[in-house]
Amino acid sequence: MQSTDLGNKDSGKIWHRKPSPATRDGIIVNIIHNTSDYHPKVLRFLNVAFDGTGDCLIAGDHQGNIYVFDLHGNRFNLVQRTAQACTALAFNLRRKSEFLVALADYSIKCFDTVTKELVSWMRGHESSVFSISVHASGKYAITTSSDTAQLWDLDTFQRKRKLNIRQSVGIQKVFFLPLSNTILSCFKDNSIFAWECDTLFCKYQLPAPPESSSILYKVFAVTRDGRILAAGGKSNHLHLWCLEARQLFRIIQMPTKVRAIRHLEFLPDSFDAGSNQVLGVLSQDGIMRFINIQTCKLLFEIGSLDEGISSSAISPHGRYIASIMENGSLNIYSVQALTQEINKPPPPLVKVIEDLPKNKLSSSDLKMKVTSGRVQQPAKSRESKMQTRILKQDLTGDFESKKNELPDGLNKKRLQILLKGYGEYPTKYRMFIWRSLLQLPENHTAFSTLIDKGTHVAFLNLQKKYPIKSRKLLRVLQRTLSALAHWSVIFSDTPYLPLLAFPFVKLFQNNQLICFEVIATLIINWCQHWFEYFPNPPINILSMIENVLAFHDKELLQHFIDHDITSQLYAWPLLETVFSEVLTREEWLKLFDNIFSNHPSFLLMTVVAYNICSRTPLLSCNLKDDFEFFFHHRNNLDINVVIRQVYHLMETTPTDIHPDSMLNVFVALTKGQYPVFNQYPKFIVDYQTQERERIRNDELDYLRERQTVEDMQAKVDQQRVEDEAWYQKQELLRKAEETRREMLLQEEEKMIQQRQRLAAVKRELKVKEMHLQDAARRRFLKLQQDQQEMELRRLDDEIGRKVYMRDREIAATARDLEMRQLELESQKRLYEKNLTENQEAVAKEMRADADAYRRKVDLEEHMFHKLIEAGETQSQKTQKWKEAEGKEFRLRSAKKASALSDASRKWFLKQEINAAVEHAENPCHKEEPRFQNEQDSSCLPRTSQLNDSSEMDPSTQISLNRRAVEWDTTGQNLIKKVRNLRQRLTARARHRCQTPHLLAA
């Protein structure tokens, strides 16, 4: 047993030497996956699935690594890393390179094994998906979890339907029946329903199993034809249901050591037409037992108590079994190796038949020689063959029935009756019936030995002579022909062997062993005496056909003779192609149903019947090319009529010309080893081989001599070519030298021009550089100017903002000054009013004093006049005039002093208002010391007034002094208020003048 560790490799070989599985275990290779980290660990495989061909499988481990194993190409590849464990796999989709994987996050993903890319991502399950079933067409898939099953369209990857159930009733499995449009749903309460896939209409429900053997179903399996359902669970009983009759027809009891069944799967067979007979049963002990459900016999088993199996998958063609072991490794089993002991032939049975008439057959006539090859029939004369035919009629019915018994329980007579009734075998069972009729031994070992010899040299270039579009079909044809050539040397020189084998290769291209054995059986039995005249066509066989045609249709034969058409033209093309050129596939299959069910002479009679049934178009043919075209192309002919004509010919042909009198009865291939085929003129073949070898040697000598001559000629030609090339090279060198000299002169001229252009360019560049520097300087200056302008604008904006603020403050101050001026004017008016009132009061007092004084003076004058009368009248008048003038002068002085005082106050107020306005307009100018002068000037009128008042009388002077003091007090208060106002304005102006300096700092 070989073991392969995947390690950290993404691809590689599965095995490094040709596997030779032992019969006892059948293991081809054991695959493990160990990591090569610092702490190595085993990555356990969890699921495995085969593709539709059965030669490739995918397996996923618990870390989400998915590998593809190509058992035919001996390669493995890591196709995806999902980073999470996979719970189910499916690899049999419509697009062969795609597969479905269910992951631990309850999602289903579709990947491509070639591009390794994600194709689609499907979600919808709320629990782990444990089963994926794909429809036979690959268009639909059903994914099953414990709570639901969902139907998906794999073309659009959209969910079509969802099966919802009650939580109390869980789902065991939902899957498609093979080769049908039916969905089978199995629930945990043992109820099983069948549904139509398109409409989801419930077709039927299986009845409940009998209570005596009632088990809870856990696992299920269906045969490939969809007729039998196997179910098992926690019991050693197996229930077999017939889905057509919808009833339980068999209960199989497994051995007592089987307590529970974990997995069921039928083992496919190429010739059982889908009615699988072998069922694999995986039990709780890790052993998978394969039993025959008809005989209930244990055929073989895989796994053991030490190396138990956790799950398995069987390839569709039944060649391989892939099992995931309990230790996490993957085992690949060979079904051929496991069934080798079963397929061994039973020991020969020798029966002696006594009391036979002595004049019919002697004991020596029934003796057979046993050799390492096939069984040789005793040589019989024509009389003995006739006696044998008569003997067949005299034998008992028991002997006849035993002779007609075929393998697998079939009876040849019954098959012939069935064939005559329906005209052909059922398509579903045709291959199975053919295998039974031909009694194929299925010698896997012998066939493998022939295949291992490789492609025969005679068929290395087969594709050149027979260009077949399908490379697979060409490869199978090449292998089959090579195996036939290795079996018998005659077939390497048989030119029509590819034509003979091609229809069988096309029919059995998926099973090369059966294809080889069918062709070998056909050659041994239906191609008897074909090679006696090798390498010419079988003249003896063609003579038989011509004799029968002459007996049944002399006119047609005479027509052939008249137009020089021999049997090599109207019979041999049909035989060497076994009618594949003139019949369709269905017609050909129907014909060979009858050929394989009858005596080997049936094939020769078919050639005669084909000609007789085509006599009308053949009689109308006159050219040889027309005849050749007719026997190499399909014609409008009913094959049923031809077959009926064959049976008629078989019954009505006389014995002396009947082909069955000259052909042996059917002989099957021997088991174990294939028989030796030497029914050909060995000396001719040997001679041809020798001649071919001699011709090959001569050809090799000729080829060697021709090769020598060709080598010499090649050397001469090469020398001539070299000489010619040398002369041409010299000439080219000379021309090249001249050309280069001219080129140098031109280059020098160009260099001078380039230098001139370069100097001009340099000048231009220098000018451009200067311009650029100037432009850069101007740009820099402009930038500086812009920056200065920006700074000036900023300063202007700042000054404007400050001016605006100053204007606002000045306007506010002006408004305050205006208000103050209004207040001063109102106070001025008030003062003037008071002054006027005071002046009026003073004037009234002065007038009252003057009146009192005048009255007093008048009284004194009157008294004086009275006292001094006459003498003094003139002096008194003069004195009185002087006194009146003095009083008038004093009154005018008082008025003048009052006017000067009013003028001085008005002037002072005007000077203060002007100074305040100038200070508001120019706050930063230095203050001029004006108050002292103003004070001094304000004092002048008062001094003059005082000086003038010294001439007044005491009462007037006292009154004037009192008024002057009041006016001075009022004026001084007003001056103090104005000074306080000026001080506040000066302080505010100084504060504004200091603000720009602080901002600049």
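- Under an unreviewed UniProt entry, the protein has the name TBC1 domain family member 31 and belongs to Pan paniscus.
- Looking at the Function (unreviewed entry) heading of the UniProt record, one finds this comment for the protein: "Molecular adapter which is involved in cilium biogenesis. Part of a functional complex including OFD1 a centriolar protein involved in cilium assembly. Could regulate the cAMP-dependent phosphorylation of OFD1, and its subsequent ubiquitination by PJA2 which ultimately leads to its proteasomal degradation."
- Regarding the protein, the relevant UniProt record gives this comment under Subunit (unreviewed entry): "Interacts with PJA2; the interaction is direct and recruits PJA2 to centrosomes. Interacts with OFD1; regulates its activity in cilium assembly. Interacts with PRKACA."

**Overview of the side chain of Thr577**
- For Thr577, the position within the fold is in the loop between α14 (572-576) and α15 (585-596).
- Side-chain polar atoms of Thr577 contact the backbone oxygen of Pro573, separated by 2.6 Å.

**Quick look at the packing of aromatic side chains**
- Taken as a whole and assessed by the stated rule, the structure comprises 37 aromatic pairs.
- Ring geometry for Phe187 versus Phe193: centroids 6.0 Å apart, planes at 75 degrees, classification edge-to-face.
- Here Trp526 and Phe596 contribute two aromatic rings whose centre-to-centre distance is 5.2 Å and whose plane-to-plane angle is 70 degrees, an arrangement assigned as edge-to-face. Taken together, the residues Trp526 in the loop between α10 (512-525) and α11 (539-552) and Phe596 in helix α15 connect sequence positions 70 residues apart.
- For Trp526, a relative accessible area of 2% puts it in the buried group.

**Remarks on the packing of helix α8 (residues 471-487) against α10**
- Contact pair α8 / α10: the axes reach a minimum separation of 10 Å and the direction vectors enclose 50 degrees. In this view, α8 runs oblique relative to α10, as classed from their interaxial angle. Crossing angle aside, the handedness with which α8 passes α10 is right-handed. Where α8 approaches α10, its residues Val476, Arg479, Thr480, Ala483, Leu484 and Trp487 are matched on the opposing element by Gln512, Cys515, Phe516, Ile519, Ala520 and Ile524.
- Here the residues of the contact of α8 with α10 sort into nine nonpolar, two polar and one charged.

**Some points on the nonpolar core**
- If you look at the biggest cluster of nonpolar residues, it comprises 104 residues, and the most contacted ones within it are Trp487, Phe504, Leu575, Phe579, Trp588 and Phe596.
- The element best represented in this core is α10, accounting for 10 residues.
- Among all residues touching Trp487, those that are not within four sequence positions of it are Leu450, Phe516, Ala520, Ile524, Tyr674, Pro675 and Phe677.
- Grouped together as the second largest cluster of nonpolar side chains are 22 residues, Ile14, Ala322, Ile324 and Ile332 included.

Analysis parameters
Residues numbered from 1 in each chain as written. Predicted model: local features only at pLDDT ≥ 70, side-chain atom pairs only at ≥ 80, totals over all residues. Heavy atoms only, no water. UniProt positions renumbered as here; feature names shortened; annotations may be inferred. Helix = DSSP H or I, 4+ residues; strand = E, 2+ residues; numbered from the N terminus. Polar contact = N/O pair within 3.5 Å; in protein donor to acceptor, adjacent residues only side chain to side chain. Phe/Tyr/Trp six-rings, centres within 6.5 Å; stacked < 30°, edge-to-face > 60°. Buried < 20%, exposed > 50% of the residue type's maximum accessible area, 1.4 Å probe, protein only. Axes fitted to C-alpha atoms, helices over the stretch in contact; angles between N-to-C directions. Parallel < 35°, antiparallel > 145°, perpendicular 65-115°, else oblique. Left-handed = near helix turned anticlockwise from the far one by under 90°. Contact = heavy atoms within 4.5 Å. Nonpolar A, V, L, I, M, F, W, Y, C, P; charged D, E, K, R; others polar. Core = buried A, V, L, I, M, F, W, Y, C linked by side-chain atoms within 4.5 Å.

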